[in-house]
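# An overview of the molecular structure
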Amino acid sequence: MRESVAHDSLLEIKNLMTHFHLHEGIVRAVDGVSFDVRRGQTLGIIGESGCGKSVTVHSILRLVPSPPGNIVDGQILLHQRENGMGTEAVDLAQLDPRGAQIRAIRGAEISMVFQEPMTSFGPMHTIGNQIIETILLHQEGVESSDARALAIDNLRRVGIPRAEQIVDAYPHQLSGGMRQRAMIAMALSCTPRLLIADEPTTALDVTIQAQILELLMALQEEVGMAVIFITHNLGVIAEVADEVAVMYLGRIVEQASVDELFDNPQHPYTQGLLNSIPHIDEERLPRLRAIEGVVPDPYEIPSGCAFSDRCPSFMPGTCDRAMPDLDETAPGHRVRCFLYSEVVEGLAEVENGE
Amino acid sequence: MANDSELLLEVSDLRMYFPIQKGLLRRTTGYVKAVDGVSLSIKKGETLGLVGESGCGKTTTGRCIVRVYQPTSGEIVFHEEGEIVDINRLTRQELKSFRRNMQMIFQDPFSSLNPRMTVLELVGEPLLAHGIARGQELEDRVAEMVRAVGLRVEHLPRYPHSFSGGQRQRIGIARALVQRPKIVVCDEPVSALDVSVQSQVVNLLQDLQSDLDLTYLFVAHDMSVVRQVSNRIAVMYVGKLVEVAESEELLRSPKHPYSETLLSAVPRPNPHHHMQRLNLEGEPADPANAPPGCVFHPRCRYMEEICQTEVPTLIELTPGHHVACHFADQLELQGIDYSRTPQA
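Residues numbered from 1 in each chain as written. Chains lettered and ligands numbered in written order. Predicted model: local features only at pLDDT ≥ 70, side-chain atom pairs only at ≥ 80, totals over all residues. Heavy atoms only, no water.

## Section: the overall build of chain A
- Tallying secondary structure elements over chain A gives 12 helices and 12 strands in all.
- Seen through its C-alpha atoms, chain A measures out along the principal axes to roughly 70 × 55 × 45 Å.
- Counting contacts in chain A only where the partners sit at least 6 residues apart, residues at least 24 apart contribute 63% of the total.
- For chain A, the exposed area adds up to about 15,500 Å²; of that, 50% sits on carbon and sulfur atoms. (Helix = DSSP H or I, 4+ residues; strand = E, 2+ residues; numbered from the N terminus. Contact = heavy atoms within 4.5 Å. Areas by Shrake-Rupley, 256 points an atom, 1.4 Å probe, with all protein chains shown as cover.)

## A short note on the overall build of chain B
- From N to C terminus, chain B includes nine helices and 12 strands.
- What you see for chain B is a C-alpha radius of gyration of 21 Å, in line with the 20 Å of a compact globule of 344 residues.
- Its C-alpha atoms put chain B at 65 × 60 × 45 Å along the principal axes.
- Within chain B, the proportion of its 344 residues that are buried is 54%.
- For chain B, contacts bridging at least 24 residues in sequence account for 64% of all contacts bridging at least 6.
- Carbon and sulfur atoms provide 48% of the accessible area of chain B, an area that totals close to 15,500 Å².
- Charge-centre separation for chain B: the mean point of 36 positive side chains lies 7 Å from the mean point of 43 negative side chains. (Rg over C-alpha atoms; globule rule 2.2 N^0.38 Å. Buried < 20%, exposed > 50% of the residue type's maximum accessible area, 1.4 Å probe, protein only. Lys, Arg positive; Asp, Glu negative; His and termini not counted. Charge placed at Lys NZ, Arg CZ, Asp CG, Glu CD.)

## Details of the interface of chain A and chain B
- Taken together, the 45 residues of chain A in the interface contact 48 residues of chain B.
- Taken over both partners, the interface formed by chain A and chain B buries close to 4,200 Å², and the fraction arising from carbon and sulfur atoms is 49%.
- The interface formed by chain A and chain B contains three salt bridges.
- One salt bridge connects D281 of chain A with R268 of chain B, and the closest N-O pair in it is separated by 3.0 Å.
- Linking chain A with chain B are 16 residue pairs in polar contact (both at pLDDT 80 or more), by the criterion used here.
- Elements represented by at least two residues in the side of chain A that touches chain B include exactly α7 (176-187), α8 (206-223), α9 (234-240), α10 (258-263) and α11 (268-276) of chain A.
- Here the side of chain A that touches chain B gets seven residues from one element, more than from any other, and that element is α8 of chain A.
- Looking at the side of chain A that touches chain B, its residues break down into 19 nonpolar, 12 polar and 14 charged. (Buried area = accessible area lost by both parts, 1.4 Å probe. Salt bridge = Lys/Arg side-chain N within 4 Å of Asp/Glu carboxyl O. Polar contact = N/O pair within 3.5 Å; in protein donor to acceptor, adjacent residues only side chain to side chain. Nonpolar A, V, L, I, M, F, W, Y, C, P; charged D, E, K, R; others polar.)

## Looking at the sheet that holds strand β2 (residues 25-38) of chain A
Residue and element names in this part refer to chain A.
- Reading across from one edge, β2-β1-β4-β5 is the order of the four strands in this open sheet, with antiparallel pairing throughout. Single-partner strands in this sheet number two, and they are β2 and β5 (89-91). Along the sheet, successive strands turn relative to each other by an average axial angle of 5°, direction set aside.
- Note: strand β4 (residues 69-79) against β5, three bridges, orientation antiparallel. Residue pairing in the sheet places L78 in a bridge with V90 of β5.
- This element, helix α1 (residues 53-60), spans β1 (9-22), β2 and β4 of the sheet and lies at about 115° to β1. (Pairing = 2+ DSSP bridges. Axes fitted to C-alpha atoms, helices over the stretch in contact; angles between N-to-C directions.)

## Quick look at the UniProt feature "domain: ABC transporter" (unreviewed entry) in chain B
- According to UniProt, the feature "domain: ABC transporter" (unreviewed entry) maps to residues 9-263 of chain B in the numbering used here.
- Structurally, residues 9-263 of chain B comprises 36% helix and 30% strand, and the distance from its first C-alpha atom to its last is 27 Å. (UniProt positions renumbered as here; feature names shortened; annotations may be inferred.)

## A few points about the packing of aromatic side chains
Residue and element names in this part refer to chain B.
- Summed over the entire model, instances satisfying the criterion amount to nine aromatic pairs over all chains.
- Judged by centre distance (5.3 Å) and plane angle (80°), the rings of F18 and Y69 are edge-to-face. Within this pair, whereas F18 is found in strand β1 (residues 7-22), its partner Y69 is found in the loop between α1 (58-65) and β4 (73-80), the two being separated by 51 residues in sequence.
- The class for Y69 is partly exposed, based on a relative accessible area of 24%.
- With 5.0 Å between their ring centres and 85° between their planes, F78 and F98 make a pair best called edge-to-face. Placement of the pair is F78 in strand β4 and F98 in helix α2 (residues 92-98), with a sequence separation of 20 residues.
- Taking relative accessible area as the criterion, F78 reaches 0% and is therefore assigned buried.
- When its relative accessible area of 8% is taken as the criterion, F98 is described as buried. (Phe/Tyr/Trp six-rings, centres within 6.5 Å; stacked < 30°, edge-to-face > 60°.)

## Structural notes on α1 of chain A
- Where burial is concerned, most of α1 of chain A is hidden: six out of the eight residues are buried.
- In the stretch just after α1 of chain A, R62 of chain A is the one whose phi turns positive, near 60°.

## Notes on empty space enclosed by the protein
All names here are of chain B.
- Across all of its chains, the model carries seven cavities of 30 Å³ or more by this definition.
- What the largest cavity holds in volume is close to 90 Å³.
- Looking at the largest cavity, it is lined by 13 residues, and the ones nearest its centre are P257, C294, C300, C307 and C325.
- Partitioned by chemical class, the residues of the lining of the largest cavity number 10 nonpolar, three polar and no charged.
- Taken together, the residues of the lining of the second largest cavity sort by class into nine nonpolar, three polar and no charged. (1 Å grid on protein atoms, 1.4 Å probe; cavity = no way out; pocket = protein on both sides within 12 Å on 5 of 7 lines; lining within 4 Å. Points joined across faces, edges and corners; volume = space filled by probe spheres on them.)

Structure below.
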């Protein structure tokens, strides 16, 4: 099917910067993020609140409220469906966020599942009508009489029992787990090539979380879509992701395949996160090895490396002087830390330009 | 940790039914049996973890114990220096002075603190309300408590909005502990916090427990966190306790099918972990309309005929290990085997 390796990427994000201009100053919520999402692959993005993981994916779908938010730099290249002549790339960052082009992409080529399904379903319409609306909007040639049958099929596919009755239910009539399934049904109703899942299981109980994760992975295999999966839960990421990006204060600090990241974490922040959580599979420690300090306020980010004020390996005179670049330390493993690379962010490009 | 086996709190047959009212006349048409016959005991200085999924009644149990709710029935007996007090029988006046013995730490540090009060007022209020301290003494005690939870004295005149989630939770902890309670009900105290802050607060709670001789009832849904802090764990499902045991015993050899599933559902931060996950079909039963027999039987993989009709009682299977399952002594359940994964 694939004509060349170059088309393996579905989405390429290059140096994305999304800033918020607020009274208190500029918040650099996303500050130079680059990654690729390959077809059929799951990219996990992990980080704490305020690290920019949600703003990154909202930027992809152009859902960042403007003002105050703006994509100030970077490209979001979506390689569209092959049209015989190879693929064509659209830069989503250049589209009008209210325009027809991005609206045709949202929900059809890229769709999204949110943490709290109650907020993404309108309360006034039945689940079925909302799914039917999506289908009619994006799929040409589907009659409204067929759309209902399609909606029921979609509900059945995500494991909702009695789908032909649930289709007429209102969102509040369903339990949290069922609502999340219904939202996944809606997101998948137009067979997107990329699904963005923003903390889709955080509000759910563990046994329901396990069901939803398994459902998402099974559907991904069936449909062949790529997934960007955002979470703060290291256990969930280990389970679903092929590739993991760790974000801290608007930047990716480490990125690797899931095995490499968990077996050989290099950035002190990644190591800190993995060490700080209790591991149920291991002997109990008398105390957890917590990361010192807190995520700084977005207006008081330390100079140099943003993690330097909490870092156990802090090197005075180096880490507080400049921001390290995200550099490859092993094939496919990129780390932003002076312990592994002396390359300073921004300088590499200057040198290349000379 | 718990060295002596002195009992601090004994709860027997606790029930909390919330009426369901319908229609213009608010007729009671049924009851949500949030807590339905829970018996447990907490030893002095120990942490009892109470785990279960949302709606299982774990929070309600915690709230009944500190008498935020007036339980429908049951005894909550508090042992205090030789004296025995049934919290459920206290009058309002008696309860008011008794309250300082039992405090609560809440989940959401953003909604549990009055935004118009400074840290000094928030932490000092309980002392003032109980007439324990005032003036300079109050300020000294507040300052001491605030330092104990890892905040600084400079924070005293500030308002909650200027603090991060983790710091707010520290304020909530200071407020609960400033009266030197004997027992603290921690209701999901870290689940709203960031990953890196969760471990700080867990460590803080453990340090304070040994410094101040506290006894905790630790209510949470995260099995890994509960195991980290608890001496014993009680597993709750739809208003009932299904299993109580020493933490490591419960992890290694769960005896109730629900505990087994809960353990297997915990997402492991290890991509090489490919344990056969035991998926639970369906969702927890409705506590307003619980199934007959064992409440877990509609989801149980080992269900037999007797489970549909007879309610299993919580029996002591081996010393200290209580299970409510008809087949507890026959089932070979899968626990956590941490001999394979050495600590890094």
